[in-house]
Amino acid sequence: MRKTGKIIYCLRNAKDQCVSYYHHLVNLDKVYQGMTHSLTFNDYFEKVHRVRAVAEFGLWEEHALDWLAHRGQENILFLTYEDLSEDTERELRKIASFLGLPDNQETLDRALRKGSFDNMKQDQTLNYSWAGQNFIRKGKVGGWVDTLTEKTVRDSR
């Protein structure tokens with residue numbers, strides 16, 4: 001991997017990512033030309049996570065492991081969705097520092113406002129309202145507990 005550009009990589013809890021990607025597929029059924037409208041979560045989980053049939057862009061864990069192999073590389077900043085949710089301002093300050101941007105409270109406040117979940121959910125250019133469903137759904141950490149059963153979690157190991 002080249003070491004000239006700066007890369008910001010954000011990783012999400014695997015179980016939350018699993019549920020989020022399922023909803024991404026189903027909610028953007030118009031984009032997928034009707035291929036996902038009848039997809040149940042159990043069908044999705046079975047095909048992608050148990051049978052290991054490759055998802056649209058490959059398996060999440062392979063993607064994550066490939067990137068994590070580059071931890072410590074100076075031009076890559078690793079963040080987690082959970083940390084961003086917990087303290088967005090702290091994480092934005094990390095990003096600004098990594099990019100060599102000046103410490104500017106006005107700019108930070110604007111980024112916090114514009115990048116808030118509620119603001120992005122209301123922004124039609126970000127929320128893909130043209131696709132008929134909300135692309136930006138809940139944005140919660142730990143939401144997987146509402147979908148995944150203990151058996152599903154056990155089977156995914």
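Now for a description of the structure that goes with this document. (Residues numbered from 1 in each chain as written. Predicted model: local features only at pLDDT ≥ 70, side-chain atom pairs only at ≥ 80, totals over all residues. Heavy atoms only, no water.)

A few words now on the overall build of the protein. Broken down by element type, the protein carries 9 helices and 2 strands. Taken from the N to the C terminus, the helices and strands of the protein come in the order β-α-α-α-β-α-α-α-α-α-α. Across the 157 residues of the protein, 25% fall into the buried class. Restricting the contact set of the protein to residue pairs at least 6 apart, pairs at least 24 apart contribute 58%. (Helix = DSSP H or I, 4+ residues; strand = E, 2+ residues; numbered from the N terminus. Buried < 20%, exposed > 50% of the residue type's maximum accessible area, 1.4 Å probe, protein only. Contact = heavy atoms within 4.5 Å.)

Turning our attention to the packing of helix α5 (residues 88-99) against helix α6 (residues 105-114). The geometry of α5 relative to α6 is characterised by a closest axis approach of 10 Å and an angle of 120° between their N-to-C directions. Judged by the inter-axis angle, α5 sits oblique to α6. Remark: the crossing between α5 and α6 carries right-handed chirality. Contact residues: α5 offers Thr88, Glu89, Leu92 and Arg93, while α6 offers Gln105, Leu108, Ala111 and Leu112. Classifying every residue of the contact of α5 with α6 by side-chain character gives 4 nonpolar, 2 polar and 2 charged. (Axes fitted to C-alpha atoms, helices over the stretch in contact; angles between N-to-C directions. Parallel < 35°, antiparallel > 145°, perpendicular 65-115°, else oblique. Left-handed = near helix turned anticlockwise from the far one by under 90°. Nonpolar A, V, L, I, M, F, W, Y, C, P; charged D, E, K, R; others polar.)

Inspection of the entire model under this criterion finds 2 aromatic pairs. Measuring from ring centre to ring centre gives 5.1 Å for Tyr9 and Trp67, while their planes differ by 20°; the resulting arrangement is stacked. Residue Tyr9 is located in strand β1 (residues 7-11), and its partner Trp67 is located in helix α3 (residues 60-68); the two are separated by 58 residues in the primary sequence. Look at Tyr9 and Phe78: their rings are 5.7 Å apart centre to centre, the planes differ by 65°, and that puts the pair in the edge-to-face class. Note that Tyr9 is positioned in strand β1 and Phe78 in strand β2 (residues 76-80), a separation of 69 residues in sequence. For Phe78, a relative accessible area of 22% corresponds to the partly exposed category. Aromatic ring contacts, followed pair by pair, group Tyr9, Trp67 and Phe78 into a single cluster. Sitting over the ring of Phe98, Lys6 keeps its end group 5.0 Å from the ring centre. (Phe/Tyr/Trp six-rings, centres within 6.5 Å; stacked < 30°, edge-to-face > 60°. Lys NZ or Arg CZ within 6 Å of the ring centre and 35° of its normal.)

By themselves, these figures tell us nothing about what the structure is for.
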